[in-house]
Amino acid sequence: MAPILLNCMGNDHNDYIKQLVQVKNPNLDTMEEDILYHFNLGTKTHNLPEMFGDIKFACVGGSANRMKAFAQFIHKELELPGNPEEIIDICEGTDRYCMYKVGPVLSISHGMGVPSISIMMHELIKLLHHAQCRDVVLLRLGTSGGVGLAPGTVVVTDKAVDYSFRAQFEQVVLGKVITRSTELDEGVANELLQCSSELQNFPTVIGNTMCTHDFYEGQGRLDGALCSFSHEDKLEYLRKAYDAGVRNIEMESTVFAAMCRVCGLKAAVVCVALLNRFDGDQITSTHDVLVEYQQRPQVLVCHFIKKRLGLI
Ligand code: R2B
Ligand code: URA
């Protein structure tokens, strides 16, 4: 019966299936229940299609406060009913991540570093799958260290690269290293760049983003508790990174890009540079300046969302 049904429905049905969020794990089909432990959500305890089925933009970022502020900002910009100050954290039963839903936009925090975002991404992709979401774009909004860029510049990631400037992410699975590609969606990146040109005073570039497993030694900082290299060694590494097209450094982009790619999800990374790493390691800007910088990825992604929704 099933094949006949498929044939009757033809291409429309195939397109519908293609747009659904794919998970790449056959075990999930045989599970009676899936508990998304770190979100405090589950397929038996929550009606995920009803709660999340209309999601079109899943926006993720490191800090819980910033992702709450982003949700409130989007709420105001989309002119949704209700008081933005009263939005509820869907994951309030757990303090691992926070999650807010405003219309078709999900805003979720992921903490710092690859292990933290990777756990969140497993559960987010399963959530979008269980909820039968279609045509979802994932966006990471973050902060970073600029490489040869003025502080405040926004970087839309071309390729997320590792410490050797390779567009790949290595994951240890059953004691063996699995390598996955970290290429992001070129079309979405170009759309974001176009959006930046429509905003006033909005310095934005497309460039490679290097993802590291540490903020200090891992990013060539001289000011950590440990340091085993010279100022000249640091500059040489940053110069090599710059020559390989790296324009900023952060700590989550490779696994984010790799997981989205395997699951066929369109994704982009938008990070503001808080400093120029050729000029120093410490983040010396005032609190107010940093707050304004951190709003820039939010303003850009909001413009992108409003354009996609046909609101501007
Ligand atoms: C950017 O900022 C954080 C470190 O300060 C980290 O999560 C990242 O990627
Ligand atoms: N986040 C990083 O990972 N590095 C920086 O230099 C600044 C923010």
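The structure displayed is predicted, hence computed values, not measured ones.

Trainee: Just checking my understanding: could you explain the pairing of strand β5 (residues 105-109) for this structure?
Mentor: Taken residue by residue, a regular strand's side chains alternate between the two faces of the sheet. Among the 5 residues of β5, 5 are classified as buried, and the element is accordingly described as predominantly covered. In β5, alternate side chains face the same way, and those of V105, S107 and S109 on one face and L106 and I108 on the other are all buried. Bridge count between strand β3 (residues 57-61) and β5: 5 bridges; the pairing is parallel. By the bridge assignment for β5, A58 is matched with L106. Bridging between strand β4 (residues 99-102) and β5 involves 4 bridges; their strand directions are antiparallel. Across the sheet, residue Y100 finds its bridge partner in β5, namely S107. Following β4, the chain reverses through 2 residues before pairing antiparallel with β5; G103 in that reversal takes a positive phi of roughly 55°.

Trainee: Teacher, can you tell me more about the side chain of T94 here?
Mentor: Take T94: it is sitting in the loop between α4 (64-77) and β4. Taking the relative accessible area as the measure of exposure, T94 reaches 15% and is therefore buried. If we ignore the near neighbours within four places in the chain, the residues touching T94 are H38, F39 and N40.

Trainee: Can you help me understand helix α6 (residues 186-197) in this one?
Mentor: Compared with the 16 Å implied by 1.5 Å per residue over 12 residues, the 17 Å span of α6 between its first and last C-alpha is a close match. For α6, the full list of buried residues reads V188, A189, L192, C195 and S196. Around the axis of α6, the buried residues are gathered within 115° of arc, so they sit on the same side. Among the exposed residues of α6, those oriented more than 90 degrees off its buried face are E186 and S197. Of the surrounding secondary structure, the elements contacted by the buried residues of α6 are β6 (137-146), β7 (154-161), β10 (204-211), β12 (266-276) and α9 (287-308). A distance of 3.2 Å separates the backbone nitrogen of G187 from a side-chain oxygen at the start of α6, and that oxygen is part of D185.

Trainee: Would you take a moment to explain the pattern of salt bridges for this structure?
Mentor: Side-chain pairing between opposite charges can occur once the charged atoms of the two side chains come close. A complete count under the given rule lists 15 salt bridges for this structure. A salt bridge links E198 to K307; the nearest nitrogen and oxygen atoms lie 2.8 Å apart. One end of the pair, E198, is in the loop between α6 and β10; the other, K307, is in helix α9, and 109 residues separate them in sequence. What makes E198 partly exposed here is its relative accessible area of 34%. By relative accessible area, which is 33% here, K307 ends up partly exposed. With a shortest N-O distance of 3.5 Å, E236 and K240 are connected by a salt bridge. Of this pair, E236 and K240 both sit in helix α7 (residues 231-243), 4 residues apart, roughly one helical turn. According to the relative accessible area criterion, E236 is partly exposed, its value standing at 40%. The network of salt bridges with shared partners includes R140, E250 and E252.

Reading the values: rules and limits
Residues numbered from 1 in each chain as written. Chains lettered and ligands numbered in written order. Predicted model: local features only at pLDDT ≥ 70, side-chain atom pairs only at ≥ 80, totals over all residues. Heavy atoms only, no water. Buried < 20%, exposed > 50% of the residue type's maximum accessible area, 1.4 Å probe, protein only. Helix = DSSP H or I, 4+ residues; strand = E, 2+ residues; numbered from the N terminus. Pairing = 2+ DSSP bridges. Contact = heavy atoms within 4.5 Å. Expected span 1.5 Å × (residues − 1). Arc of directions from axis to C-beta. Polar contact = N/O pair within 3.5 Å; in protein donor to acceptor, adjacent residues only side chain to side chain. Salt bridge = Lys/Arg side-chain N within 4 Å of Asp/Glu carboxyl O.

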